[in-house]
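# Survey of secondary and tertiary structure
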Amino acid sequence: RKEVEQDPGPFNVPEGATVAFNCTYSNSASQSFFWYRQDCRKEPKLLMSVYSSGNEDGRFTAQLNRASQYISLLIRDSKLSDSATYLCVVTPYSGAGSYQLTFGKGTKLSVIP
Amino acid sequence: NAGVTQTPKFQVLKTGQSMTLQCAQDMNHNSMYWYRQDPGMGLRLIYYSASEGTTDKGEVPNGYNVSRLNKREFSLRLESAAPSQTSVYFCASSEPREETQYFGPGTRLLVL
């Protein structure tokens, strides 16, 4: 079983739509959770951390369900600039003073005019 | 601040050739990482360095060596390149107890 699984998409949505991405992880010892964004042929960049209580950053809402080992990202009022691949990331603390991130393969979003 | 820089941006190698990918960061981070990204595989950790003077294997270390030259620089060496090493290589850095990693722009490597 893959450690972090995501629907690869692509998700093609019109501007203004609401879109949700899901992610499941297999390592119950995972401590921290993130969504990274990767534009075409660019490096990944942190979009937001995911907290157990759920958190929101503008049009983006992230949720975590530890019992189900499930993470979600909701994007409201989609913009053309939201077109990218969204990477679900989890990490157990390695204990060596360093975090090893485990990446999902990503979900591709295309927002259409 | 340049953040994380990588050289070269692109490289074509023949099977059996060697090369070193360079990475430097100016954020005074202690931890540095090398990943590869292949279509349909996601990012996979090759090696990491929790702090200057230490290096450890990640998920896919075979065929690679690393050197943490100093706090700023972390290089990745391919001693004898193989077509299976065709990939995009990303370097990243972070503070040891901060989970956010900052990535360089990547090196696109083609091994013929």
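Residues numbered from 1 in each chain as written. Chains lettered and ligands numbered in written order. Predicted model: local features only at pLDDT ≥ 70, side-chain atom pairs only at ≥ 80, totals over all residues. Heavy atoms only, no water.

## Focus: the overall build of chain B
Put simply, the test is: For helices the rule is a DSSP run of H or I covering at least 4 residues; for strands it is a run of E covering at least 2, with both sets numbered from the N terminus onward. Note that the radius of gyration is over C-alpha atoms, with the globule rule given as 2.2 Å times the number of residues to the power 0.38. Each residue's exposure class comes from its accessible area (1.4 Å probe, protein chains only) as a fraction of the maximum for that residue type: buried when under 20%, exposed when over 50%, partly exposed otherwise. The contact rule is simple, with two residues in contact once any of their heavy atoms fall within 4.5 Å. All accessible areas in this document rest on Shrake-Rupley with a 1.4 Å probe, and a residue is counted as covered only by the protein chains that are shown. The sign given to each residue is positive for Lys and Arg and negative for Asp and Glu; His and the chain ends receive no count. Every charge is mapped onto a representative atom, which is NZ of Lys, CZ of Arg, CG of Asp or CD of Glu.
Counting secondary structure elements, chain B contains zero helices and eleven strands. Its helices and strands in sequence order give chain B the pattern β-β-β-β-β-β-β-β-β-β-β, from N to C terminus. Compactness check: chain B gives a C-alpha radius of gyration of 13 Å against a globular reference of 13 Å for 112 residues, within 12% of the reference. Evaluated residue by residue, chain B yields a buried proportion of 50% over its 112 residues. Sequence separation of at least 24 residues holds for 55% of the intrachain contacts in chain B that already meet a minimum separation of 6. Accessible surface, chain B: about 5100 Å² in total, of which carbon and sulfur atoms supply 48%. Here chain B carries 11 positive and 10 negative side-chain charges, and the mean point of each set is 8 Å from the other.

## Remarks on unusual backbone geometry
Residue A:Gly9 is joined to A:Pro10 through a cis peptide bond whose omega torsion reads 10°. If you trace the backbone, A:Pro10 turns up in the loop between strand 1 (4–6) and strand 2 (11–14). Omega for the bond connecting B:Thr7 with B:Pro8 falls within 30 degrees of zero, at -5°, which places this linkage in the cis form. Residue placement: B:Pro8 occurs in the loop between strand 1 (4–7) and strand 2 (10–13). At A:Asp77, a position not held by glycine, the phi torsion is positive, near 50°. Note that A:Asp77 resides in the loop between strand 8 (70–75) and strand 9 (84–91).

## Overview of the sheet that holds strand 7 (residues 64–68) of chain B
Whenever strands of a sheet pair, they do so through backbone hydrogen bonds, lying parallel or antiparallel. All names here are of chain B. Heads up, the condition is: At least two bridges found by DSSP between two strands are what make those strands a pair. The axes used here are C-alpha line fits, helices contributing only the stretch in contact, and every angle between their N-to-C directions lies in the interval 0 to 180 degrees.
The four strands are arranged 1-3-8-7 in an open sheet whose pairing can be described as antiparallel. In this open sheet, the two edge strands, each paired with only one partner strand, are strand 1 and strand 7. Ignoring strand direction, the axes of neighbouring strands in this sheet form an average angle of 20°.

## A few points about the state of the cysteines
All names here are of chain A. Just so we agree on the cut-off: When two cysteine sulfur atoms lie within 2.5 Å, the pair is treated as a disulfide.
Under the criterion given, the structure shown has two disulfides over all chains. In this model Cys-23 forms its disulfide with Cys-88; the gap between the sulfur atoms is 2.0 Å. Taking the torsion about the S-S bond as the criterion, the Cys-23 to Cys-88 disulfide, at about -75°, is left-handed. In this pair, Cys-23 sits in strand 3 (residues 19–25) while Cys-88 sits in strand 9, placing the two residues 65 residues apart along the sequence.

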